[in-house]
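Residue-level structural notes
The residues making up each chain are set out below.
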Amino acid sequence: MSVYRLKVSLRDGPVVVEEEVWREIDIKGSQTLHTLHRAIFDAFDRWEHHLYSFYMSPNRRDKTKEYASPYFFEDDDEVEAVPRDASRIRIATLGLAVGDKFDYMFDYGDDWEHVVEVVGISDAPPAGRYPAIVDKRGPSPEQYAPYDESESGEDDISEVGPGRVLTFPRKP
């Protein structure tokens, strides 16, 4: 049974990160993409669960190459083009090779974007518990940006009069 070493690098998210942030995770080929998601979730010290997807193709519209959270399928029984269930896909079935990269997005609302790179594959018999976080760089960013009331875009409605324009902040 193979063990895959995957480098998961944070690419973008709702919190500004000034330095490179990544985690290396060892996972058995017999484990699923959902298990990999849980390892990434723990490795980045997240605490509130959200939907996620792995994209095995640069074309994110190609649903045949998207693997999503099993909870994605709870309410969408009648949708025609849906991604595959990540809890049913074993790592070894993906045909990964050293140097391959794919995308992982956590939280469809806040869009935590990651790049997953295969940095090693070992055929040595696995010992210990998997998945395992084996290396890391940079602190885990907060899962949510701090709330700043001065930037909330909320105005006291009593201050609104004729000719006053309300402005709403845009996401950077």
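Residues numbered from 1 in each chain as written. Predicted model: local features only at pLDDT ≥ 70, side-chain atom pairs only at ≥ 80, totals over all residues. Heavy atoms only, no water.

1. Looking at the side chain of Ser57
Defined as follows: To qualify as a helix, a DSSP run of H or I must reach at least 4 residues; to qualify as a strand, a run of E must reach at least 2; elements of each kind are numbered from the N terminus. Under the rule applied, a polar contact is a pair of N or O atoms within 3.5 Å (in protein, one hydrogen donor and one hydrogen acceptor; residues adjacent in sequence only if both atoms are side-chain atoms). We call two residues in contact when some of their heavy atoms are within 4.5 Å.
If you trace the backbone, Ser57 turns up in the loop between strand E3 (52-55) and strand E4 (66-68). A distance of 3.1 Å separates the side chain of Ser57 from the backbone nitrogen of Asn59, its partner in a polar contact. With residues up to four places along the chain from it excluded, the contact list for Ser57 reads Asp62 and Lys65.

2. Notes on the environment of Val134
As for its placement among the helices and strands, Val134 is situated in strand E8 (residues 132-137). Measuring from C-alpha to C-alpha, the distance between Val134 and Asp26 comes to 6.8 Å, with 108 residues separating the pair along the chain.

3. Thoughts on unusual backbone geometry
Note on backbone geometry: most residues besides glycine have negative phi, and most peptide bonds are trans. Going from Tyr130 to Pro131, the amide bond is cis rather than trans, its omega being -5 degrees. Along the chain, the position of Pro131 falls in the loop between strand E7 (112-122) and E8. Of note, Asp45 is a non-glycine position whose phi angle comes to about 55 degrees, a positive value. Within the fold, Asp45 resides in the loop between helix H1 (33-43) and E3.

4. Structural notes on the confidence of the model for the protein
The condition that has to hold: Per-residue confidence from the prediction method is given by pLDDT, with values spanning 0 to 100.
Summarising the model, the protein shows a mean pLDDT of 81, and 77% of its residues fall at 70 or more. Per-element confidence in the protein is highest for strand E2 (residues 22-28), whose mean pLDDT is 96, and lowest for strand E5 (residues 84-85), whose mean pLDDT is 88. Per-residue pLDDT stays below 50 along residues 155-168; that stretch engages in 6 contacts with residues further than four places along the chain or on separate chains.

5. Re the packing of aromatic side chains
Worth spelling out the cut-off: Here a Phe, Tyr or Trp ring, Trp counted by its six-membered ring, pairs with any other such ring whose centre lies within 6.5 Å, and the pair is stacked when the planes are under 30 degrees apart, edge-to-face when over 60, and tilted otherwise. Classification of residues uses two cut-offs on accessible area relative to the type maximum, computed with a 1.4 Å probe and protein chains only: under 20% is buried, over 50% is exposed, and between them is partly exposed. Only when the NZ atom of a Lys or the CZ atom of an Arg is both within 6 Å of the ring centre and within 35 degrees of the ring normal do we say a charge sits over the ring.
Evaluated as defined, the whole model comprises 5 aromatic pairs. Ring geometry for Phe54 against Tyr104: centres 4.8 Å apart, planes inclined by 35 degrees, an arrangement best described as tilted. Residue Phe54 is found in strand E3, and its partner Tyr104 is found in strand E6 (residues 101-106); the two are separated by 50 residues along the sequence. For Tyr104, a relative accessible area of 0% gives the class buried. For Lys7, the ring lying beneath its charged end belongs to Trp22, and the centroid distance is 4.7 Å. It is Arg23 that lies over the ring of Phe44; its NZ or CZ is 4.9 Å from the centre.

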